[in-house]
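Coordinates in review
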Amino acid sequence: MNIAFLRSAFADSSCLDLSSEELMLRKIKSIHENNTELYEKGRLLMLQVLRRQVSLFFEKNSKESLPEEATTCIIEHLMSVPVVSKVARNLGLDDMVIASAYPCSDLVLFKAFCALVQTIAQQRGAKCVELFVSHFIFTQLIELDLFKIWAPADPTLLLNDWLQHNNRAPAEFRLLYNSSALENPVPVISIALFSDGLFLSSGQGRSLDDAKKDAAVNGLRSFYRSWEFEKPISETLKVTDVND
């Protein structure tokens, strides 16, 4: 890979504020470019790659397409400054970045990582970018609960959309248990959810609405294979699961 391109990727815009004396102390002759343009292009490229990988992975593994709002929440999580900067730091980018302050801030590392992605695209092509992003960014979903990242605003509506798409009857909620009838100081309501007479899921809450929402979320969990003990992706993830 061209060293000049790499140098540009790791040159934060703040490095232009360094004096000639500071550059000499860092054994840097001069800096004529920074990674601003590479960062902007790389960030957009990462968004495109991650959207494709997230959609492909869930279609392959749960046989269901994620709602747009879920895909957006996952991508926003993966593209957040804390997540990307942590990956960048683990890769040692903080020792390569040229910036006015050290240690580098999370935002500086985030920009450097995005700029590196664009550099890989220019020097090695789209396939290498796909592999790089899937190995280091997409895998940050390991050990995370999908429904901690994505909190559906109306899980019952999404559930009924899924049922209708699969030619099934709308969700039917049935009361299982209501502790308030027993004068319990902490009310707990349990709800079961059925479709076409078949049990789908159950949920609990302190109110009827909360219990229905919990049951609907658990129904979605079953469709997307994302129970609390089943994380979005496993440690045995294969590259082919997120790349054609």
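Figured I'd write up the structure that's included with this text. (Residues numbered from 1 in each chain as written. Predicted model: local features only at pLDDT ≥ 70, side-chain atom pairs only at ≥ 80, totals over all residues. Heavy atoms only, no water.)

This part covers the environment of Pro152. Along the chain, Pro152 turns up in the loop between helix 8 (146–149) and helix 9 (155–165). Once the C-alpha coordinates of Pro152 and Leu220 are considered, the two residues, 68 residues apart in sequence, prove to be 9.7 Å apart. (Helix = DSSP H or I, 4+ residues; strand = E, 2+ residues; numbered from the N terminus.)

This paragraph deals with the packing of helix 5 (residues 81–90) against helix 6 (residues 106–124). Direction vectors running N to C along helix 5 and helix 6 enclose 75°, while the axes themselves pass 8 Å from each other. In terms of their interaxial angle, helix 5 and helix 6 are classed as roughly perpendicular. For the pair helix 5 and helix 6, the contacting residues are Val81, Val84, Ser85, Val87, Ala88 and Arg89 in the first and Asp106, Leu107, Leu109, Phe110 and Phe113 in the second. (Axes fitted to C-alpha atoms, helices over the stretch in contact; angles between N-to-C directions. Parallel < 35°, antiparallel > 145°, perpendicular 65-115°, else oblique. Contact = heavy atoms within 4.5 Å.)

Counting 57 residues, the largest nonpolar core has Ile74, Phe113 and Ile137 as its most contacted members. By residue number, the principal contributor to this core is helix 6, which donates nine residues. Ignoring any residue separated from it by four or fewer positions in sequence, one finds Phe113 in contact with Met46, Val84, Val87, Ala88, Leu91, Leu93, Phe132 and Ile137. (Core = buried A, V, L, I, M, F, W, Y, C linked by side-chain atoms within 4.5 Å. Buried < 20%, exposed > 50% of the residue type's maximum accessible area, 1.4 Å probe, protein only.)

Scanning all chains against the criterion turns up six aromatic pairs. Residues Tyr39 and Phe110 carry aromatic rings whose centres are separated by 6.0 Å and whose planes lie at 70° to one another, so their mutual orientation is edge-to-face. Of the two residues, Tyr39 sits in helix 3 (residues 36–61) while Phe110 sits in helix 6, which places them 71 residues apart along the sequence. Of the two residues examined, Tyr39 and Phe110, each falls in the buried class. Ring geometry for Phe194 and Phe199: centres 5.7 Å apart, planes at 75°, overall edge-to-face. The class for Phe194 is buried, based on a relative accessible area of 15%. Site record: aromatic cluster; members linked through ring pairs are Phe113, Phe132 and Phe136. Directly above the aromatic system of Tyr39 lies the positively charged group of Lys111, at a separation of 5.7 Å from the ring centroid. (Phe/Tyr/Trp six-rings, centres within 6.5 Å; stacked < 30°, edge-to-face > 60°. Lys NZ or Arg CZ within 6 Å of the ring centre and 35° of its normal.)

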